[in-house]
Amino acid sequence: MTWQLFAGSTREWDALVMSLGARTPFQLSAWAIFRQTFNWNALRLVSPDGRGAVQLLTRAVGPLHVAWAAGGPLGDLSQSDLENLPTSVATLLGGKFLYLRIADHSPQSETRERLFRRAGWSRPAREIVTNHTLIRDLHNSESASGDGYSSNWSRNLRRGQQRNVTAEVWASPDPVVIARLHRDVEATKGAFSADWRANEEALRNLISSFGDQLRVIRTVDAAGQTLSIRAATIHGQYAFDFLAATSIEGRKCYASNVAMHELLVASAAQGATSYDFGGVDRRENKGVYDFKHGAGGIEHHYVGEFEYVTPRIAKPVVSKLVALRLSA
């Protein structure tokens, strides 16, 4: 049996993926709506028994159809489901050449990884998104009160507060300001892998697409100047770190600590019991790792990425080319 097109509304789709345990925002309809900005189309499928679902972003590149699913597929899947998924996608998209890639964000499991391999999927030579993240428990009030911070992180938070850095939930985020802050970061640390973070129009579309599911915190100095922003998507019990940028002046007064603390508190207040810091690279980006770890993040691994190419003889070339163009 093959996977079927989902026939419901976007609201019904979101309810389905949340019921299947979506831990990150990339299977939500809002992410697909946002990615339409970059000419990606959404293909939403459900498994034959209804116990699995996946939202793929698709695009035709000449004769090649590319399908990319960050955060999926979701649900309790069988080997048969995973074997049939590429065939179903190829049939629905048409054409002879298909590159299908997923980033499974369910907790790392040898059993689930074995299912992918037995179904003909393989690990890509180059990752697009890391399978390593940090997650903080927000189940009780203490989790967001600062008790889980490292001593150095707590000290920097106090330093920021003592320098009159204050934080607030930004009810109407300004994409112009957010883009400018990201450009400040790029000027000192280099460009983001997802360069839309410094694009005003893309940020405007992101804010519009996610609406109330996006919680944005900004910090300001005594004169009301924006120093930093931090944002998370919140869907059900899961909060996911999504945007972060601090100005040069903000880095001098620990504004990022103040913003992070306020966002954890706001996420817990909105009902989130888990905060995913959105991926880390301890070796290549140790500073970011240390910041998130100091904020109470505990190491966690996803199942991670798998790919499927037809015809298989084209895999080495196609996989490398597509990896250079994809981002979460």
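Structure first, text after, so check above.
Remember, predicted model here, so these are calculated numbers, not experimental data.

Draft legend 1. Inspection of the overall build of the protein at higher detail. Within the protein, the regular secondary structure consists of 11 helices and 13 strands. For the protein, contacts bridging at least 24 residues in sequence account for 73% of all contacts bridging at least 6. When the accessible surface of the protein is summed, it comes to about 14,900 Å², and 48% of that surface belongs to carbon and sulfur atoms.

Draft legend 2. Local environment of the nonpolar core. Counting 45 residues, the largest nonpolar core has Trp31, Trp196, Leu206, Phe210, Phe242 and Leu243 as the members making the most contacts within it. Not counting chain neighbours up to four residues away, the residues in contact with Leu206 comprise Phe34, Trp196, Phe242 and Leu243. Residues Ile234, Ala272, Phe277 and Val280 belong to the second largest nonpolar core, which totals 26 residues.

Draft legend 3. Layout of the packing of aromatic side chains. Applying the stated criterion across every chain, the model contains 18 aromatic pairs. Geometrically, the ring pair formed by Phe116 and Phe306 is stacked, given 4.7 Å between the ring centres and 10° between the ring planes. Of this pair, Phe116 sits in helix 4 (residues 110–118) while Phe306 sits in strand 13 (residues 298–310); the two residues are 190 residues apart in sequence, bridging distant segments of the chain. On the accessibility criterion, Phe306 (0% relative accessible area) is buried.

Draft legend 4. Broad picture of the packing of helix 3 (residues 79–93) against helix 4. Contact geometry for helix 3 and helix 4: axes closest at 8 Å, N-to-C directions at 45°. The orientation of helix 3 relative to helix 4 falls into the category oblique. When the axes of helix 3 and helix 4 are compared, the crossing they make is right-handed. Across from Gln79, Leu82 and Glu83 in helix 3, the residues of helix 4 making contact are Leu115, Phe116 and Arg118. A per-class count over the contact of helix 3 with helix 4 returns three nonpolar, one polar and two charged.

Draft legend 5. The arrangement of the packing of helix 5 (residues 151–162) against helix 9 (residues 255–269) in detail. With their axes 8 Å apart at the nearest point, helix 5 and helix 9 run at an angle of 105° to one another. In terms of axis orientation, helix 5 runs roughly perpendicular to helix 9. Contacts from Trp153, Asn156, Leu157, Gly160 and Gln161 in helix 5 reach Asn257, Val258, Met260 and His261 in helix 9.

Draft legend 6. Main features of the pattern of salt bridges. Taken as a whole and assessed by the stated rule, the structure comprises 12 salt bridges. Linking Asp76 and Arg51 is a salt bridge whose minimum nitrogen-to-oxygen distance equals 2.2 Å. Of this pair, Asp76 sits in the loop between strand 5 (74–75) and helix 3 while Arg51 sits in the loop between strand 2 (41–46) and strand 3 (52–61), placing them 25 residues apart in sequence. On the accessibility criterion, Arg51 (43% relative accessible area) is partly exposed. Put simply, Arg183 and Glu200 hold a salt bridge, and the shortest N to O gap is 3.7 Å. Pair noted here: Arg183 is in helix 6 (residues 175–189) and Glu200 is in helix 7 (residues 200–210), with a separation of 17 residues, a long-range link.

Criteria and cut-off values
Residues numbered from 1 in each chain as written. Predicted model: local features only at pLDDT ≥ 70, side-chain atom pairs only at ≥ 80, totals over all residues. Heavy atoms only, no water. Helix = DSSP H or I, 4+ residues; strand = E, 2+ residues; numbered from the N terminus. Contact = heavy atoms within 4.5 Å. Areas by Shrake-Rupley, 256 points an atom, 1.4 Å probe, with all protein chains shown as cover. Core = buried A, V, L, I, M, F, W, Y, C linked by side-chain atoms within 4.5 Å. Buried < 20%, exposed > 50% of the residue type's maximum accessible area, 1.4 Å probe, protein only. Phe/Tyr/Trp six-rings, centres within 6.5 Å; stacked < 30°, edge-to-face > 60°. Axes fitted to C-alpha atoms, helices over the stretch in contact; angles between N-to-C directions. Parallel < 35°, antiparallel > 145°, perpendicular 65-115°, else oblique. Left-handed = near helix turned anticlockwise from the far one by under 90°. Nonpolar A, V, L, I, M, F, W, Y, C, P; charged D, E, K, R; others polar. Salt bridge = Lys/Arg side-chain N within 4 Å of Asp/Glu carboxyl O.

Remember that the coordinates give geometry; whether it matters functionally is a separate question.
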